[in-house]
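A look at the structure
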Amino acid sequence: MTEILTLLKDLFTDYTLRTVAMGSATLGIVSGALGCFAVLRKQSLLGDAISHAALPGIALAFLFTGSKSPLIIVIGAAIIGWIGTMFIMSIVKHTRIKSDSALGLVLSSFFGFGLVLLTFIQRMPTANQAGLDTFLFGQASALLERDIVVMGVLGLVVLAIMSLFWKEFKLISFDPDFAASNGFPIQKLDILITSLIVIAIVIGLQTVGVVLMSAMVVAPAAAARQWTDRLSLMIIIAAFFGALAGVSGSMISSLTSRLPTGPTIVLCISFLVGVSMLFAPNRGLIWNWLRRQRNRRKLQLEAVLSNLYELAKQHGSIDRAHSKAVLEAMSPDRAESVDSTLDELQKRRWARVTTNNQWAITQKGWDEVERFLKESSKK
Amino acid sequence: MENDKLSIEVADLTVAYHDKPVLWDIDLSVPPGVLMAIVGPNGAGKTTLIKSILGLVKPAAGQVLIYGKPYEEQRNLVGYVPQRGSVDWDFPTSVLDVVMMGRYRALGWIKRPGKKERDTAMEALDKVGMGDFINRQISQLSGGQQQRVFLARALVQDAEIYFMDEPFQGVDATTERAIITLLRELRAEGKTVVVVHHDLQTVTEYFDWVTLINVRRIASGTVDEAFTEQNLRLAYGGRVAFLSHKQKQSDQVGSKQQG
């Protein structure tokens, strides 16, 4: 317990920890927010292709400038990532190759090229080459204040453009044909939104790494969708989940030596996805299960009550009681649950048990049956 | 110019997907104030015809004029109801939001919809009988309700010409009646409505103008002139007797299921 408190204190006082937390929060917010559009536009895999395609950009930026400054690396990654994306879009547009194949082609060829370049760099006889391979799985502890500034500025620009074109992005995400018929240049908007996703991904590469960065695009959005039916709220929740996973993941990995950041952050966001899928109201699995149970229970109640009603009607008397066996025989597929259903009916005073342990419908139960019979005949 | 009298004029329109012609040399002249059905067999290019008039599909050749001018200059006069199935109804948004999208063009770039757009959208929703559903999440709507939301969105576009892609597809009888009443109202206001239609049985009842296509234009004109057995046979390749017989049967089955 005291360890956690110290950790929380360190979060504000310890330079490294504070930097790491701020960096991963920034990347989580930006990729979470932009990821919503990727997911809603059914482009979840695009993030994967972009981040993998960015690897040669990182290597080329270093080869050309000899610098590992974050700004230069980010620019390199963004340019090549963007070229890869435009490649995918034009393959889909101009050939008969479908988008999943185009994604796969670009992803693997660019990533392969990136790996070749990395190997080449590592064999170079300069002292400065070490550390580029941390971009594969990310290393939050290597974040410096100047990295955070770059990430923060880029992130703000991306979020500002997103809110500026909010209406247009929403429209082309929901109904691109309608947008086009209204004269909105959907292709340009498409390129704009994809470019924003490219920047969102590039921001996170140093921390999460190219291999797993796509999870930060898809997972927060998928988790957030469970909790709300409004786009604006979905984006806020996704940004929050992204930040939460970023901070907790990079802190956990910085506590343990040699624990790569990317996978740890991804495990954190996966946990949030799992929780959301299970527990979110309306869309969550548990909620669904409860709803099904409730419906089943209601159907059982109605079935047994209707049987009592029919029996009373046949005998022309509401006071005529019948044994449980009769009721079980009337609903053979639910026979074993008749017992508990009768208890529930008694609790609701829709049925009563007589002194010789037989069952009869009450006036209240009778009214209830008439009510739902009327209701169902209306439908 | 004579052209000014026509609401829609299509000349030599040809569309091809990967060398395969989908529409071939289509000519079309539609006067204003008519309710026109586009009919033809599956794969005849009905949707493509609408989409290429709206500039959503790039034609290989031909031109489209709306009130005598190219579509790009006349967008403000055109409303569009895409096929219901063309969007993801699980998109996180509400009925009111979707209808307000019909005002985005008039709003212009970046500006957000406000109270005025809200009021216009509510009015349109009332008109299609969806006034009680404004805050409903769109995934909770039935097929007929989804169609009405799309119609309301087109209504707020405040257009002169409406293109509707299968608005009667998979809707309940109540919605079908509501839609046809609405279309007649639009016509009474002098608007032109072009509808991709599947049900040959209702063409004479619902529409006053019809275009039959099957890649090529078979016929276009008033229902009396163009909706002849011979033209139908040309469009449907000689199976029309069999087809209309079958249609009757499936209609009967359909109404039984609904009832």
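Report follows, based on the coordinates. All values derive from a computational prediction rather than experimental measurement.

The rules we used
- Residues numbered from 1 in each chain as written.
- Chains lettered and ligands numbered in written order.
- Predicted model: local features only at pLDDT ≥ 70, side-chain atom pairs only at ≥ 80, totals over all residues.
- Heavy atoms only, no water.
- Helix = DSSP H or I, 4+ residues; strand = E, 2+ residues; numbered from the N terminus.
- Buried < 20%, exposed > 50% of the residue type's maximum accessible area, 1.4 Å probe, protein only.
- Contact = heavy atoms within 4.5 Å.
- Areas by Shrake-Rupley, 256 points an atom, 1.4 Å probe, with all protein chains shown as cover.
- Core = buried A, V, L, I, M, F, W, Y, C linked by side-chain atoms within 4.5 Å.
- 1 Å grid on protein atoms, 1.4 Å probe; cavity = no way out; pocket = protein on both sides within 12 Å on 5 of 7 lines; lining within 4 Å.
- Points joined across faces, edges and corners; volume = space filled by probe spheres on them.
- Pairing = 2+ DSSP bridges.
- Axes fitted to C-alpha atoms, helices over the stretch in contact; angles between N-to-C directions.
- Left-handed = near helix turned anticlockwise from the far one by under 90°.
- Nonpolar A, V, L, I, M, F, W, Y, C, P; charged D, E, K, R; others polar.
- Salt bridge = Lys/Arg side-chain N within 4 Å of Asp/Glu carboxyl O.

**Re the overall build of chain B**
Scanning chain B from terminus to terminus reveals eleven helices and ten strands. Relative to its full complement of 259 residues, chain B shows a buried share of 50%. A fraction of 69% describes how many contacts in chain B between residues 6 or more apart in sequence connect residues 24 or more apart. For chain B, the exposed surface amounts to about 11900 Å²; the carbon and sulfur share of it is 47%.

**Things to note about the nonpolar core**
Of all hydrophobic cores here, the largest spans 166 residues; its most connected members are A:Leu205, B:Phe163 and B:Leu183. Broken down by element, this core gets its largest block of residues, eleven residues, from helix H11 (residues 186-208) of chain A. Apart from residues lying up to four places away in sequence, B:Phe163 is in contact with B:Ile8, B:Ile50, B:Ile53, B:Leu54, B:Val78, B:Gly79, B:Tyr80, B:Val81 and B:Val194. In this structure, A:Tyr309, A:Leu311, A:Trp366 and A:Val369 belong to the second largest nonpolar core, which totals 18 residues.

**A few points about empty space enclosed by the protein**
Residue and element names in this part refer to chain A. Counted according to the given criterion, the structure contains one cavity of 30 Å³ or more. In terms of lining residues, the largest cavity is bounded by Pro 70, Ile 73, Val 74, Phe 135, Asp 147, Val 150, Met 151, Leu 154, Val 202, Ile 203, Leu 205 and Gln 206. Among the secondary structure elements, those contributing two or more residues to the lining of the largest cavity are helix H5 (70-94), helix H8 (145-164) and H11.

**Considering the sheet that holds strand S3 (residues 35-39) of chain B**
All names here are of chain B. An order of S6-S7-S8-S3-S9-S10 is seen for the six strands of this open sheet, with the pairing classed as mixed. In this open sheet, the two edge strands, each paired with only one partner strand, are strand S6 (78-81) and strand S10 (216-222). With strand direction ignored, the average angle separating the axes of adjacent strands in the sheet is 15°. In this sheet, strand S7 (residues 161-165) lies alongside S6 in parallel orientation, the contact comprising four bridges. Bridge assignment links Tyr 80 to a residue of S7, and that residue is Phe 163.

**Looking at the pairing of strand S2 (residues 20-30) of chain B**
All names here are of chain B. Both strand S1 (residues 8-17) and S2 contribute to a ladder of seven bridges, which runs antiparallel. Opposite Leu 13, over in S2, you have Ile 26 as the bridge partner. Here S1 hands over to S2 after two residues, with His 18 in that stretch at a positive phi of 45°.

**So, the sheet that holds strand S4 (residues 61-66) of chain B**
Residue and element names in this part refer to chain B. One open sheet holds the four strands; their spatial order is S2-S1-S4-S5, and the pairing between them is antiparallel. Of all the strands in the sheet, just S2 and strand S5 (69-70) have a single pairing partner and so form its edges. Alignment of S1 against S4, held across five bridges, turns out to be antiparallel. Along S4, the bridge assignment pairs Ile 8 with Ile 66.

**Quick look at the packing of helix H2 (residues 15-40) of chain A against H11(A)**
All names here are of chain A. Viewed as axis vectors pointing N to C, H2 and H11 meet at an angle of 150°, and their least axial separation amounts to 9 Å. The way H2 lies across H11 gives a crossing that is left-handed. Residue-level contacts link Ser 24, Leu 27, Val 30, Ser 31, Leu 34, Phe 37 and Ala 38 of H2 to Ile 193, Leu 196, Ile 197, Ala 200, Ile 203, Gly 204, Thr 207 and Val 208 of H11. Looking at side-chain class alone, the contact of H2 with H11 contains eleven nonpolar, four polar and no charged residues.

**Description of the pattern of salt bridges**
As enumerated under the stated definition, the model contains 21 salt bridges over all chains in all. For the salt bridge of A:Asp229 with A:Arg225, the shortest nitrogen-to-oxygen distance reads 3.1 Å.

Limitation: the analysis is restricted to geometry and does not speak to function.
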